[in-house]
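Listed below, chain by chain, are the residues.
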Amino acid sequence: MSEFYLDILILLDSTLRLATPLVLAALAGLYAERSGIVDIGLEGKMLGSAFAAAAAAAVTGSAWLGLLTGIGASVVLALLHGWVSIHQRGNQIVSGTAINITVAGLAPTLANHWFHLNGQTPLLDGPARFQVITWPWVETIGAVPVIGPLYAEVISGHSAITYLALFTVPLAAWVLYRTRFGLRLRAAGENPEAVDTAGISVYALRYKAMIINGVLCGIAGASLSTALGAAFVRDMSAGKGFLALAAMIFGNWKPVPTLMACLLFGFVDALQGRLQGVDLPLIGEIPFQFTIMLPYIFTVVILAGFVGRIQAPRASGIPYEKE
Amino acid sequence: MPPALDVDGASMDSPDAGTSASAFAIEAIGLEKSFGPVRANAGVNLALRAGSVHAIIGENGAGKSTLMNMLYGLYRPDAGEIRVFGETRHFGSPHDAHEAGIGMVHQHFMLVEDFTLLENAMLGFEGGALLAPQKIAATARLKELAAQYGLDVPMDTKVGDLPVGLQQRVEILKTLFRGAEILILDEPTGVLMPQESEQLFQIIDALREQGKTILFISHKLPEIMRIADNVTVMRQGRAVAERVVADTSEAELAELIVGGKVAREAARSGAASPTEILRLESVSLAKKKDAKETLSDISFSLHQGEILGIAGVAGNGQSELLEVITGMRRPTTGRIIFEGEVVADANRYADARELRALGLGHVAEDRLRNGAVAVMSAEDNAILGYHGSARYARKGILDRAAIKSDCAALIRDNDVRPPLPGLAFGKFSGGNQQKIVIGRELLHSPRLLIVGQPTRGVDIGAVTRIHDQLITMRNEGRAVLVVSSDLDELMAIADRILVICEGRIVGEVAAEEANERNLGLMMAGRRLEDVADGPGAGNGC
């Protein structure tokens, strides 16, 4: 029993860790789409930030400087997407895809040019990487039955970025529903003409949303290479940007349901990690090629099964043109 | 300056001639606006007396919308001056217009469907960075405004879930909440049912009584006679006349709008021939077996050289009747005979393409849904439904030259404006869209033309032209079936009028005997006998 409980706790611990980049990227997508800009470039921005953060952390030896660099790179990409979508009224899917493809090629090329490590960045260690934060009195509280291990295994022992990610969810809900900015942002994604005729600039709102989008994607990317991992590796985002997009859709463009969707995806990811090499009764050992597919198959099933009930912001993806 | 005629002296003295500035809510002096080579407004003058309802009327493209958008700050005038309560204003955006006390209710509502009334009203006028502290005061203010002007709207429902009439109230409340003293209403009744329109007029009356100034844009003459104090007529980018409503008539305004007498050229001449062209025998339609019938036991005949009208309150089976006759649906029972040939019975039916080949043309009542493709060019739409004919296609390859020449002829003969075959269908005004669709059907000389709502969304000049075309067809010995919700239209062009109610034909009246009373009573479900005897027991439709 207690071993099973511990198994569950370890699974939950991995869930939080794996959900971190998803939550951040999904919220990034949420801000963009709520303002009316479809963003399938989450993947590219995460990857760009993962590279920039790992490179800067390797050179400066500081994870925090790495994070700032990653955010900077991601914001630049977000503003590029914003400029194409807002001022140039370009096709937002094409722009997002272009960012994904460009970064996938550019990041390993630059890594190779600077570090000569086959498209990777040097391994990070010590202060160049976000270390796990152990909460106070883990030893004492950990000894308490049931609650103790929960505190020690699940709540304590994550990097600063994971706690930050969890904090951004209530923050996003507060911003969207309780502030003037949020009201205007939601209106811009639903009916930008109503915003314009109220005398508010739709363009400015959408650029602001893209800056927030860039910052969040930047943090998500940095978490991949400087917190969860310890270096930039080619294609390390591995579709997480698209999983985040799916979580945002599944979460109906709302912060808390989006968090839940991210946790669900994180849980399936953690589960597949646990299943690798495990001998299951009746089935036997599942080849890892199959277990690793689980989160993606799960995404397809979830989206196919629930896609009917959701309502995207009505104006998302449509460039706003003043008549 | 417009020829200011028949107006009591003070109001139409030149606005800049030193009259009391506060008498006018808005003065527009010599407003000019061009889009490329098109002069949308060519020196428009307008003076709105404070506390009055001032109507602007004109055909599509006369420059009404351009003028509104300049008064509301969406467009900047190329030249001219706007004064609000005597003060010269330069609007850079709608926000500036709000500040000057001008609010606008657009034809297409500027509402966020996902928001409540409160959120819609507060958007852009939140009063602070956080919403919660402002919501209480805003709610109180909205309730107060609603009570003051009789604008009942549920406060906590998302506006997207409200019916159109209530959404319009939300728009008006929003405008008042933002401090408007002058309200511009752009074609406000276009989306409303007749009863809702009357409620709107009562709201407008209340607004006027309490000192608000209303600028009311419409192309419906009876409405203007009902609600406005003054009316300005626009034509070709100019304000060509201003009248006091009490001193004018619908006929005079109609003439001013089109710039000449509205004369019907064609008149029905000669009696219908006895030769039958279309006969329906006990046609019924039900969604499923044993389900409620949307059409029950419909029988009638239509003869060569005749226009047959179908009248009824919308939703009583007219649309289904059109679908059954034009080969879009199969009747559940009964048969349809076109030129002696059974084209539809319970077992098989000729589809729209076969019927077209037999000489049955169809002008669909909802042209954007069934009559044309909005994003395709006028040229492509001019052959839709006939695109497979030998005239336009050989072995599936379109003959562009033939299409081009036919479309050019269509545009010329029907006076389609602008005369651009490459322009997307949806970019034409409603009247010109209808000209293209009717022109397309007439190009193929149908023996019978089925027309649903021939002049819905069509402006006055084009209405006459369309009526003339239908009457000409009739006089040539062909036949027309017209379904319309406009009784005046049916009485003007039809030889006979059938009235449909709850899917049944409840009566038939010859054109000479038709009037709004007997048609109206039958539309409400009373039998012809009852109508003739005066008010009798109706079965309620």
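Cut-offs used in this document
- Residues numbered from 1 in each chain as written.
- Chains lettered and ligands numbered in written order.
- Predicted model: local features only at pLDDT ≥ 70, side-chain atom pairs only at ≥ 80, totals over all residues.
- Heavy atoms only, no water.
- Helix = DSSP H or I, 4+ residues; strand = E, 2+ residues; numbered from the N terminus.
- Rg over C-alpha atoms; globule rule 2.2 N^0.38 Å.
- Buried < 20%, exposed > 50% of the residue type's maximum accessible area, 1.4 Å probe, protein only.
- Lys, Arg positive; Asp, Glu negative; His and termini not counted.
- Charge placed at Lys NZ, Arg CZ, Asp CG, Glu CD.
- Axes fitted to C-alpha atoms, helices over the stretch in contact; angles between N-to-C directions.
- Parallel < 35°, antiparallel > 145°, perpendicular 65-115°, else oblique.
- Contact = heavy atoms within 4.5 Å.
- 1 Å grid on protein atoms, 1.4 Å probe; cavity = no way out; pocket = protein on both sides within 12 Å on 5 of 7 lines; lining within 4 Å.
- Points joined across faces, edges and corners; volume = space filled by probe spheres on them.
- Pairing = 2+ DSSP bridges.
- Patch = residues over 30% accessible without salt bridge, like charges linked within 9 Å, V, L, I, M, F, W, Y side chains within 5 Å.
- Areas by Shrake-Rupley, 256 points an atom, 1.4 Å probe, with all protein chains shown as cover.
- Salt bridge = Lys/Arg side-chain N within 4 Å of Asp/Glu carboxyl O.
- pLDDT = per-residue confidence, 0-100.
- Domains from an automatic or database assignment.
- Buried area = accessible area lost by both parts, 1.4 Å probe.
- Polar contact = N/O pair within 3.5 Å; in protein donor to acceptor, adjacent residues only side chain to side chain.
- Nonpolar A, V, L, I, M, F, W, Y, C, P; charged D, E, K, R; others polar.
- Core = buried A, V, L, I, M, F, W, Y, C linked by side-chain atoms within 4.5 Å.
- Expected span 1.5 Å × (residues − 1).
- Disulfide = S-S within 2.5 Å.

## A word on the overall build of chain B
(1) Moving on: Helix and strand counts for chain B come out as 19 helices and 22 strands.
(2) Moving on: Since a compact globule built from 541 residues should have a radius of gyration of about 24 Å, the 26 Å found for chain B is in line with a globular shape.
(3) Moving on: Taken over the C-alpha atoms alone, chain B extends approximately 75 × 55 × 50 Å along its principal axes.
(4) Moving on: Taking all 541 residues of chain B together, the buried fraction comes to 52%.
(5) Moving on: Within chain B, the 73 negative side-chain charges are centred at a point lying 6 Å from the centre of the 57 positive side-chain charges.

## Considerations on the packing of helix α7 (residues 160–178) of chain A against helix α12 (residues 255–275) of chain A
All names here are of chain A.
(1) Moving on: Running from N to C, α7 and α12 point in directions that differ by 155°, and their axes come no closer than 8 Å. One finds that α7 runs roughly antiparallel with respect to α12. Of α12, the residues touching α7 (which contributes Leu 166, Val 169, Ala 172, Ala 173, Leu 176 and Tyr 177) are Pro 255, Val 256 and Leu 259.

## Focus: the layout of surface pockets
(1) Moving on: In this structure, the second largest pocket encloses a volume near 350 Å³.
(2) Moving on: Forming the boundary of the second largest pocket are 18 residues, of which A:Glu190, A:Lys254, A:Gln311, B:Asp114 and B:Lys158 lie nearest the centre.

## Section: the sheet that holds strand β9 (residues 230–235) of chain B
All names here are of chain B.
(1) Moving on: What the 6 strands build is an open sheet, ordered β6-β7-β8-β3-β9-β10; its pairing is mixed. Only two strands of the sheet have a single partner each, and these edge strands are β6 (102–105) and β10 (238–244). The average angle at which neighbouring strand axes cross in this sheet is 20°, direction not considered.
(2) Moving on: Relative to β10, β9 runs antiparallel, the two sharing 6 bridges. Its bridge partner lying in β10, Met 234 is registered against Ala 239.
(3) Moving on: In the packing of helix α2 (residues 64–71) onto the sheet, the strands contacted are β3 (53–57), β6, β7 (182–186), β8 (213–218) and β9, and the crossing angle to β8 comes to about 155°.
(4) Moving on: Its contacts with the sheet place helix α6 (residues 164–177) against β6 and β7, and it is angled at close to 170° to β6.

## Focus: helix α8 (residues 180–190) of chain A
(1) Moving on: Counting buried residues along α8(A), 9 of its 11 residues qualify, which places the element largely inside the surrounding structure.
(2) Moving on: Here α8(A) has its buried residues at A:Gly182, A:Leu183, A:Arg184, A:Leu185, A:Arg186, A:Ala187, A:Ala188, A:Gly189 and A:Glu190.
(3) Moving on: Tucked inside the fold, the buried residues of α8(A) contact α1 (2–35), α7, α9 (192–197) and α10 (202–228) of chain A together with α4 (117–122) of chain B.

## What about a nonpolar patch on the surface?
All names here are of chain A.
(1) Moving on: A contiguous nonpolar surface patch, about 570 Å² in accessible area, is contributed by Phe 288, Phe 290, Ile 292, Met 293, Ile 297 and Val 301.
(2) Moving on: At the level of elements, α13 (288–291) and α14 (294–306) are the ones that each hand at least two residues to the nonpolar patch.
(3) Moving on: Tracing the sequence through the fold places Val 301 in helix α14.
(4) Moving on: According to the relative accessible area criterion, Val 301 is exposed, its value standing at 54%.

## Some remarks on the confidence of the model for chain B
Residue and element names in this part refer to chain B.
(1) Moving on: In the predicted model, chain B carries a mean pLDDT of 85, and 91% of its residues have values of at least 70.
(2) Moving on: Within chain B, the element-level pLDDT minimum falls on helix α1 (residues 9–12), averaging 39, and the maximum on strand β20 (residues 479–483), averaging 95.
(3) Moving on: Contacts for the low-pLDDT stretch residues 1–21, under 50 throughout, to residues beyond four places or in other chains number 38 contacts.
(4) Moving on: Contacts for the low-pLDDT stretch residues 533–540, under 50 throughout, to residues beyond four places or in other chains number 11 contacts.
(5) Moving on: For this predicted complex, the interface confidence reaches an ipTM of 0.86, while the overall pTM sits at 0.76.

## Brief notes about the domain arrangement of chain B
All names here are of chain B.
(1) Moving on: When the domains of chain B are assigned, the result is domain 1 (4–101 + 181–258), domain 2 (114–171) and domain 3 (296–373 + 447–531).
(2) Moving on: Just the C-alpha atoms count here: the centres of domain 1 and domain 2 sit 27 Å apart.
(3) Moving on: Contacts between the two partners involve 13 residues from domain 1, matched on the other side by 9 residues from domain 2.
(4) Moving on: Interface of domain 1 and domain 2: buried area, both sides summed, is about 920 Å²; carbon and sulfur atoms make up 60% of it.
(5) Moving on: Between domain 1 and domain 2 we count 0 salt bridges in total.
(6) Moving on: The interface formed by domain 1 and domain 2 includes 3 residue pairs in polar contact (both at pLDDT 80 or more).
(7) Moving on: Looking at the side of domain 1 that touches domain 2, the elements that each hand over two or more residues are α3 (94–99) and α7 (194–209).
(8) Moving on: Considering only residue class, the side of domain 1 that touches domain 2 consists of 7 nonpolar, 4 polar and 2 charged.

## Quick look at the side chain of B:Asn432
Residues and elements named next belong to chain B.
(1) Moving on: Summarising the element assignment, Asn 432 is placed in helix α15 (residues 430–443).
(2) Moving on: A polar side-chain atom of Asn 432 sits 3.2 Å from a polar atom in the side chain of Lys 435.
(3) Moving on: Ignoring sequence-local partners within four residues, the contact set of Asn 432 consists of Asp 415, Val 416 and Arg 417.

## Topic: the nonpolar core
(1) Moving on: B:Ile204, B:Phe216 and B:Ile224 are the most contacted members of the largest nonpolar core, which totals 64 residues.
(2) Moving on: When we break this core down by domain, the ones giving at least three residues each are domain 1 (4–101 + 181–258) and domain 2 (114–171) of chain B.
(3) Moving on: Not counting chain neighbours up to four residues away, the residues in contact with B:Phe216 comprise B:Val53, B:His54, B:Ala55, B:Ile56, B:Leu185, B:Pro188, B:Phe201, B:Ile204, B:Glu223, B:Ile224 and B:Ile227.
(4) Moving on: One finds A:Leu27, A:Ala54, A:Ala63 and A:Leu185 within the second-largest nonpolar core, a separate group that totals 63 residues.

## Examining the environment of B:Ile204
All names here are of chain B.
(1) Moving on: Relative to the helices and strands, Ile 204 resides in helix α7.
(2) Moving on: Considering only alpha carbons, one finds Ile 204 and Glu 354, 150 residues apart in sequence, at a separation of 52 Å.
(3) Moving on: Setting aside chain neighbours within four positions, we find Ile 204 in contact with Val 53, Leu 185, Ile 214, Phe 216 and Ile 227.

## Let's talk about helix α3 (residues 63–86) of chain A
In an α-helix, one turn spans 3.6 residues; hence positions three or four apart end up facing the same way.
(1) Moving on: Look at α3(A): 33 Å from first C-alpha to last across 24 residues, which is about the 34 Å you get at 1.5 Å a residue.
(2) Moving on: Its side-chain oxygen at 3.2 Å from the backbone nitrogen of A:Trp64, A:Ser62 defines the N-terminal cap of α3(A).

## Side note on the sheet that holds strand β19 (residues 448–452) of chain B
All names here are of chain B.
(1) Moving on: Here 6 strands make up an open sheet; going across it, the order is β16-β19-β20-β13-β21-β22 and the pairing mixed. Looking at which strands have only one partner, the edges of the open sheet turn out to be β16 (360–363) and β22 (504–510). Averaged over all pairs of adjacent strands, the angle between their axes in this sheet comes to 20°, without regard to strand direction.
(2) Moving on: Inspection of the sheet shows strand β21 (residues 496–501) paired to β22 by 6 bridges, in the antiparallel sense. The residue of β22 that forms the bridge with Ile 500 is Ile 505.

## What about unusual backbone geometry?
(1) Moving on: In the segment running from B:Arg417 into B:Pro418, the intervening peptide bond is cis, with an omega of -10°.
(2) Moving on: The residue A:His116 is not glycine, and still its phi comes out positive at about 50°.
(3) Moving on: Along the chain, A:His116 falls in the loop between α4 (92–115) and α5 (138–142).
(4) Moving on: Among the residues examined, A:His116 registers a relative accessible area of 62% and is labelled exposed.
(5) Moving on: The phi dihedral of B:Glu339 is positive, around 50°, even though this residue is not glycine.
(6) Moving on: The class for B:Glu339 is partly exposed, based on a relative accessible area of 35%.

## Let's talk about the pairing of strand β4 (residues 79–84) of chain B
Residues and elements named next belong to chain B.
(1) Moving on: As judged from the 5 bridges shared by strand β1 (residues 24–35) and β4, these two strands associate in the antiparallel manner. For Ala 28, the partnering residue across the bridge sits in β4 and is Ile 82.
(2) Moving on: Pairing of β4 with strand β5 (residues 87–89), which is carried by 3 bridges, proceeds in the antiparallel orientation. Residue pairing for β5: Ile 82 is matched across the bridge by Arg 89.

## So, the state of the cysteines
Residues and elements named next belong to chain A.
(1) Moving on: Under the defined criterion, the tally for this structure stands at 0 disulfides over all chains.
(2) Moving on: This cysteine, Cys 217, is not joined by any disulfide, and Cys 262 carries the nearest cysteine sulfur, 12 Å off.
(3) Moving on: Relative accessible area serves as the criterion here: at 0%, Cys 217 is assigned to the buried category.
(4) Moving on: The class for Cys 262 is buried, based on a relative accessible area of 0%.

## Looking at the pattern of salt bridges
Between side chains of opposite charge, a pair can form when the charged atoms approach closely.
Residues and elements named next belong to chain B.
(1) Moving on: Under the definition given, this model contains 39 salt bridges over all chains.
(2) Moving on: Two residues, Arg 335 and Glu 281, come together in a salt bridge whose shortest N-O distance is 2.9 Å. Separated by 54 residues along the polypeptide, Arg 335 in strand β14 (residues 333–338) and Glu 281 in strand β11 (residues 276–286) bring together distant segments of the chain.
(3) Moving on: Across the pair Asp 406 and Arg 391 runs a salt bridge, and its minimum N-O distance is 2.6 Å. Here Asp 406 is found in helix α14 (residues 400–414), whereas its partner Arg 391 is found in the loop between α13 (378–381) and β17 (393–394), with 15 residues between them in sequence.
(4) Moving on: What makes Asp 406 buried here is its relative accessible area of 9%.
(5) Moving on: Residue classification places Arg 391 among the partly exposed residues on the basis of a relative accessible area of 47%.
(6) Moving on: Through salt bridges that share partners, Glu 198, Asp 205, Arg 208, Arg 226 and Asp 229 make up one connected network.

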